[in-house]
Amino acid sequence: MVLSSLHASKAENLGEEAGFTVFASSALSPEDEDDVFRSLLSDARIVLIRWIREKRYIPRLFASAFLFILAYFFLSVVISDPIPIIDEIVLSFLAAALLWIALTRLDEKSALMKERYKAVAGAIMSASFLVSGDMKIIEAYYDSLYSLSLLETAEMIVNGDCCLPSSLTEGWKDDFTFSLLLHLKASDSGIEKTLRRIENERDKERTARFLVHQVTVGSLDILDLALYIALKNS
């Protein structure tokens, strides 16, 4: 699993001058490094697509609105039907929607997008790989969770018993914790509600059963959640 806060970054902060450092608990094989690069490049593309869509939002909006008005007046003259307006609005909206989609795809393939992606990709491919003692602590704790049953892990979470055996570097821990939270949000849209319930629910047994249920329906990775709680408590 590759955790990164990259896809929460602003595209304006990414470029050739951006530096990337990959921390691992042990030396990575060439295959593992390739997996890391693919994951980071995918995150970078998501960031840049979001950036270009926001940057070109107003031009797309005006172009689509103009086409809607143009198509509406054209169809009002060309099409003669017993129920006026309805057909014209539907067809005009369809034309505007198709133009919106086409312009969005063109923006994503534009020279500006390609240039920015090339710069970010170059910075990513020049990333430094470091073996981290903090990562070893995290990995050892994560591995220890496999010895627990699902219910035992849920009870440990709700009782506040998740805690790393050793302290981590403060700034590094904060960034890793944030990256893990982003990962949890990506896999479970209701994770923030779950976290609030863990924090505020007084009926611990009921909350533990709730966590077990969330795992069984496939929306929650309880080991990732336990690690996140441990990082927050440490």
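Computed from a predicted structure; not experimentally measured.

What counts as what
Residues numbered from 1 in each chain as written. Predicted model: local features only at pLDDT ≥ 70, side-chain atom pairs only at ≥ 80, totals over all residues. Heavy atoms only, no water. Core = buried A, V, L, I, M, F, W, Y, C linked by side-chain atoms within 4.5 Å. Buried < 20%, exposed > 50% of the residue type's maximum accessible area, 1.4 Å probe, protein only. Helix = DSSP H or I, 4+ residues; strand = E, 2+ residues; numbered from the N terminus. Contact = heavy atoms within 4.5 Å. Phe/Tyr/Trp six-rings, centres within 6.5 Å; stacked < 30°, edge-to-face > 60°. Lys NZ or Arg CZ within 6 Å of the ring centre and 35° of its normal. Expected span 1.5 Å × (residues − 1). Arc of directions from axis to C-beta. Polar contact = N/O pair within 3.5 Å; in protein donor to acceptor, adjacent residues only side chain to side chain. pLDDT = per-residue confidence, 0-100. Salt bridge = Lys/Arg side-chain N within 4 Å of Asp/Glu carboxyl O.

Participant: Give a detailed account of the nonpolar core, specifying residues and quantitative values.
Facilitator: With 33 residues, the main nonpolar core has Y141, I157, C162, L211, L225, L227 and L231 as its most contacted residues. Only α5 (133-144), α6 (150-158), α7 (170-187), α8 (191-200), α9 (204-216) and α10 (222-233) provide two or more residues apiece to this core. Sorting elements by how many residues they give to this core places α10 first, with nine residues. Beyond its immediate sequence surroundings of up to four residues, L227 is in contact with I138, Y141, Y142, L145, L164, F176 and L180.

Participant: Which residues make up the packing of aromatic side chains, and what values go with them?
Facilitator: Any two aromatic rings considered together are summarised by their centre-to-centre distance and by the angle between their planes. In this structure the tally under the stated criterion is six aromatic pairs. Note on Y57 and W100: the rings are 5.6 Å apart at their centroids and 80° apart in plane angle, and the pair reads as edge-to-face. Here W100 lies in helix α3 (residues 86-108) and Y57 lies in helix α2 (residues 57-78), a separation of 43 residues in the sequence. Relative accessible area serves as the criterion here: at 26%, W100 is assigned to the partly exposed category. Here R116 stacks its cationic end above the ring of W51, 4.7 Å away from the centre of that ring. Stacked on the ring of F210, the Lys or Arg R197 has its end atom at 4.1 Å from the ring centre.

Participant: Tell me about α5, and please be specific about residues and values.
Facilitator: Here α5 contains twelve residues, and its C-alpha end-to-end distance of 17 Å stays within 8% of the 16 Å for a straight helix at 1.5 Å per residue. All buried positions along α5 are accounted for by D134, M135, I138, Y141 and Y142. Down the axis of α5, the buried set is contained in an arc of 130°. They therefore lie on one face. Summarising the contacts, the buried residues of α5 are in contact with β1 (21-24), α6, α7 and α10. Its side-chain oxygen 3.1 Å from the backbone nitrogen of D134, S132 forms the N-cap of α5.

Participant: Got a sec to walk through the confidence of the model for the protein chain? Specific residues and values, please.
Facilitator: Chain-level statistics for the protein chain give a pLDDT mean of 85 and a share of 93% at 70 or above. Of all helices and strands in the protein chain, the one with the weakest mean pLDDT is β1 (82), whereas α6 scores best (91).

Participant: Before we move on, could you go through the pattern of salt bridges and cite the residues and values that matter?
Facilitator: Two side chains carrying opposite charge are able to pair once their charged atoms lie near each other. Taken as a whole and judged by the stated rule, the model has six salt bridges. For D107, the salt bridge identified is with R56, shortest N-O distance 3.4 Å. Linking D107 in helix α3 with R56 in the loop between α1 (30-55) and α2, this pair joins segments that are 51 residues apart in sequence. Note that R209 is salt-bridged to E205, the shortest N-O span being 3.3 Å. Of this pair, R209 and E205 both sit in helix α9, four residues apart, which is roughly one turn of the helix.

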